[in-house]
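Descriptive analysis of the structure
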Amino acid sequence: MSASTSPWTGARRRVHMQEVGPRDGLQMESAFVPTADKIALIDALSAAGLAKIEATAFVSPQAIPALRDAEIVLREIARAPGVVYTCLVPNLRGAERAIEARADELNLVMSCSETHNLANLRMTRAQSFTALSGVIGLARQAGVPVNVSLSCVFGCPMEGDIDPAVVLEWAGRFMAAGARGITLCDTTGMAFPSQVSRIVGLFRQRLPAAELTLHFHNTRGMGLANVLASLDAGADRFDASLGGLGGCPYAPGASGNVCTEEIVHALELMDFDTGCDLALLLQAAARLPGLIGHEIPSQIAKAGRRLDLHAPPPDFALWRDRALARDA
């Protein structure tokens, strides 16, 4: 980070906001969002200026029925210039489907926790690495970049803390295998600011060429604080979910991702350049309750922006006149 900036004064430093709601958020919902509504939502997010949008996942429809329309969604969205449309893929077959549907990037997932990896993916970490290395090889042949999301970087609800050396080892192995970027994921909402600062600093020292993304949850109310700690340590890419939707089915209590519009609102107040149109984000968030059938966690959607002002109470003029009359 340059000496002229800090997490409190961005000085128009560019921060890349990456939207995961259409995949990470909607996959957790019991209601199936119609395909046309998914496409309209992604198009609205594209217009709002997100740097990257995780549009869907090419997984088994039996495993995640909410995303059974992946091919149609990815083929029919209106792709905005400069926006990267990424998709989660679990295996070679998913990668083949995503590449055929013209994904701009493949996002692969493995946990730094052996226990969580077995619970989530039914494989050991070594088995996952072998399988995902094959996916990276296929993607390289097709000319499609790969990002690897490492889960439970900041803690596992079954194992506890994860040694940063383990995180760096797996990240380095994936980079050596041909990945372009690594996402450090707070899958379970266990991260805290000083820990985040240390791990981001170590990562940047060890793997300076990697495109680094941070993925936080607000499970314990530290999402924004962790974003600021990451910024202070030099990170500039963040996953977030419109409305604060999302979670992890294999991490008890791991509620939603940090909220896109909340993070954008906070960073822009501190003079960071997120590239996003907050008004358009709020319009998109306002659609969510009708699509998913319940309210969303977003505080900005409820309270409005800091300077969304309100008219005085109806009797304000009378109160003012009475107050002034007492001084007459």
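Quick look at the structure, then. In this text the structure is predicted, and so the values were computed from the model without any measurement.

A word on the side chain of Glu29
Among the secondary structure elements, Glu29 is positioned in the loop between helix H1 (21–25) and helix H2 (35–47). Polar side-chain contacts of Glu29 include one of 2.7 Å to the side chain of His294. In this structure, Glu29 is in contact with Ala66, Leu245, Ile292 and His294, ignoring residues within four places of it in sequence.

Quick notes on the environment of Ser255
Looking at the element boundaries, Ser255 is found in the loop between strand E8 (237–240) and helix H10 (260–269). With residues up to four places along the chain from it excluded, the contact list for Ser255 reads His217, Thr219, Gly246 and Gly247.

Structural notes on the packing of helix H6 (residues 125–142) against helix H7 (residues 164–177)
Helix-helix packing is characterised by the crossing angle of the two axes and by the distance between the axes. Following both chains from N to C, one finds H6 and H7 inclined at 30°, their axes separated by 9 Å at the closest point. Relative to H7, the element H6 lies roughly parallel. Note that H6 runs across H7; the crossing there is right-handed. Of the residues in H7, those in contact with Arg125, Ala126, Phe129, Leu132, Ser133, Ile136 and Arg140 of H6 are Val166, Trp170, Arg173, Phe174 and Ala177.

Things to note about the nonpolar core
Ranked by internal contacts, the top residues of the largest apolar core, which has 90 residues, are Leu106, Phe174 and Leu184. No other element matches the eight residues that helix H11 (residues 278–292) contributes to this core. If we skip the residues at most four places from it in the chain, Leu106 touches Thr86, Cys87, Val89, Ala95, Ala98, Ile99, Val135, Ala139, Val144, Pro145, Val146 and Asn147. Of all hydrophobic cores here, the second largest spans seven residues; its members include Ala57, Val59, Ile64 and Leu88.

Remarks on the packing of aromatic side chains
Scanning all chains against the criterion turns up three aromatic pairs. Ring centres of Phe129 and Phe174 lie 4.9 Å apart, and the angle between their planes is 65°; this geometry places the pair in the edge-to-face category. Separated by 45 residues along the polypeptide, Phe129 in helix H6 and Phe174 in helix H7 bring together distant segments of the chain. The exposure class assigned to Phe129 is buried, which follows from its relative accessible area of 12%. Plain terms: the ring middles of Phe154 and Phe216 are 5.8 Å apart, the flat faces sit at 40° to each other, and that makes the pair tilted. One end of the pair, Phe154, is in the loop between strand E5 (146–151) and H7; the other, Phe216, is in the loop between strand E7 (211–215) and helix H9 (223–232), and 62 residues separate them in sequence. Residues Phe154 and Phe216 agree in their burial class; the two are buried. One aromatic cluster is present, formed by Phe129, Trp170 and Phe174 through successive ring pairs. Seen from the ring of Phe32, Lys38 lies directly overhead, with NZ or CZ sitting 3.9 Å from the centre. Looking at Arg68, its charged tip hangs above the ring of Phe32, at a distance of 3.8 Å from the centre.

Considerations on empty space enclosed by the protein
Empty space among the atoms becomes apparent when a probe as large as a water molecule is rolled across them. Enumeration according to the criterion identifies one cavity of 30 Å³ or more in this entry. Taken as a whole, the largest cavity spans an internal volume of roughly 30 Å³. Considering the residues around the largest cavity, the lining is formed by Glu19, Gly21, Pro22, Leu26, Leu41, Leu45, Leu242, Leu245 and Leu288. Going through the elements one at a time, H1 and H2 are the ones with two or more residues in the lining of the largest cavity.

Describing a nonpolar patch on the surface
Residues Phe316, Leu318 and Trp319 make up a contiguous nonpolar surface patch of about 300 Å² in total accessible area. Mapped onto the elements, Leu318 comes out in helix H13 (residues 316–325).

Examining the sheet that holds strand E4 (residues 105–111)
Reading around the barrel, the eight strands line up as E1-E2-E3-E4-E5-E6-E7-E8 and close back on themselves, with parallel pairing between neighbours. Direction aside, the axes of adjacent strands within the sheet are offset by 25° on average. Pairing analysis gives four bridges linking strand E1 (residues 16–19) to E8, with the strands arranged parallel. Bridging across to E8, Gln18 finds its partner in Asp239. Contacts from helix H5 (residues 114–121) reach E4 and E5 within the one sheet, and its direction differs from that of E4 by about 120°.

Cut-offs used in this document
- Residues numbered from 1 in each chain as written.
- Predicted model: local features only at pLDDT ≥ 70, side-chain atom pairs only at ≥ 80, totals over all residues.
- Heavy atoms only, no water.
- Helix = DSSP H or I, 4+ residues; strand = E, 2+ residues; numbered from the N terminus.
- Polar contact = N/O pair within 3.5 Å; in protein donor to acceptor, adjacent residues only side chain to side chain.
- Contact = heavy atoms within 4.5 Å.
- Axes fitted to C-alpha atoms, helices over the stretch in contact; angles between N-to-C directions.
- Parallel < 35°, antiparallel > 145°, perpendicular 65-115°, else oblique.
- Left-handed = near helix turned anticlockwise from the far one by under 90°.
- Core = buried A, V, L, I, M, F, W, Y, C linked by side-chain atoms within 4.5 Å.
- Buried < 20%, exposed > 50% of the residue type's maximum accessible area, 1.4 Å probe, protein only.
- Phe/Tyr/Trp six-rings, centres within 6.5 Å; stacked < 30°, edge-to-face > 60°.
- Lys NZ or Arg CZ within 6 Å of the ring centre and 35° of its normal.
- 1 Å grid on protein atoms, 1.4 Å probe; cavity = no way out; pocket = protein on both sides within 12 Å on 5 of 7 lines; lining within 4 Å.
- Points joined across faces, edges and corners; volume = space filled by probe spheres on them.
- Patch = residues over 30% accessible without salt bridge, like charges linked within 9 Å, V, L, I, M, F, W, Y side chains within 5 Å.
- Areas by Shrake-Rupley, 256 points an atom, 1.4 Å probe, with all protein chains shown as cover.
- Salt bridge = Lys/Arg side-chain N within 4 Å of Asp/Glu carboxyl O.
- Pairing = 2+ DSSP bridges.

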